[in-house]
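# Structural overview for review
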Amino acid sequence: MIRYTLICDSDHRFDSWFQSADAYAALSAAGQLTCTVCGSAKVSKTIMAPAVAADRGKEAAVQKLRKQVEANAEDVGTSFAKEARAMHLGDAPERAIYGEATGADVRALLADDIPVLPLPFMPRRRTN
């Protein structure tokens, strides 16, 4: 089943359910759709955003990863690229770090074979 928000030529909006997108197309082509308010047969779909359910399992997994990273790595903030390069060159002790880097900094690290990996969450200092 699929729900469409429809609109008639008098700007009345209403929702209707269809078996499929093809079923809507067939009924529309046959002129069998009418406005629920005024009865007009000039009915079309409106622009709609799909209703997407949040995946709570993914949210929980991201929160678990965040806790693990925060407990086992040092937040070096905006100095991430500098710290990663210093560790790679042996100028800083090897350790787990996380932080922020610009796109240009990340490309430069990768070009120099310094491994980096994006995290699926924003730093806490940048969230409300």
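Scroll up to find the structure.
Below or above, wherever it landed, is the structure these notes cover. (Residues numbered from 1 in each chain as written. Predicted model: local features only at pLDDT ≥ 70, side-chain atom pairs only at ≥ 80, totals over all residues. Heavy atoms only, no water.)

Attention now goes to the packing of helix α3 (residues 80-89) against helix α4 (residues 103-111). Working note: a packed helix pair is described by the angle between its axes plus the distance between those axes. Two numbers describe how α3 lies on α4: the axes approach to 10 Å, and their chain directions differ by 10°. Between α3 and α4, the angle falls in the class roughly parallel. Between α3 and α4, the residues in contact are Phe-80, Ala-81, Ala-84 and Arg-85 and Asp-105, Ala-108 and Leu-109, respectively. The class makeup of the residues in the contact of α3 with α4 is five nonpolar, no polar and two charged. (Axes fitted to C-alpha atoms, helices over the stretch in contact; angles between N-to-C directions. Helix = DSSP H or I, 4+ residues; strand = E, 2+ residues; numbered from the N terminus. Parallel < 35°, antiparallel > 145°, perpendicular 65-115°, else oblique. Contact = heavy atoms within 4.5 Å. Nonpolar A, V, L, I, M, F, W, Y, C, P; charged D, E, K, R; others polar.)

In this structure the tally under the stated criterion is six salt bridges. As a salt-bridge pair, Asp-15 and Arg-3 come within 3.9 Å of each other at their nearest N and O atoms. Remark: Arg-3 occurs in strand β1 (residues 2-8) and Asp-15 occurs in strand β2 (residues 13-18); sequence separation between them is twelve residues. Among the residues examined, Arg-3 registers a relative accessible area of 45% and is labelled partly exposed. (Salt bridge = Lys/Arg side-chain N within 4 Å of Asp/Glu carboxyl O. Buried < 20%, exposed > 50% of the residue type's maximum accessible area, 1.4 Å probe, protein only.)

This brings us to the pairing of β2. With six bridges joining them, β1 and β2 adopt antiparallel strand pairing. Residue pairing in the sheet places Arg-3 in a bridge with Trp-17 of β2. If you look at the hairpin formed by β1 and β2, you'll find four residues sitting between the two strands, and Asp-11 has a positive phi there, around 65°. (Pairing = 2+ DSSP bridges.)

Turning next to the pairing of strand β4 (residues 74-77). When β4 meets strand β5 (residues 97-99), the two strands line up parallel, connected through three bridges. By the bridge assignment for β5, Asp-75 is matched with Tyr-98. Once you follow β4 into α3 and on to β5, the crossover reads as right-handed. (Right-handed = clockwise from strand over helix to strand, strands pointing away.)

Turning next to the sheet that holds strand β3 (residues 43-45). The antiparallel open sheet is built from three strands, whose spatial order is β2-β1-β3. Two strands lie at the open edges of the sheet, namely β2 and β3, each paired on one side alone. Averaged over all pairs of adjacent strands, the angle between strand axes in this sheet comes to 40°, irrespective of strand direction.

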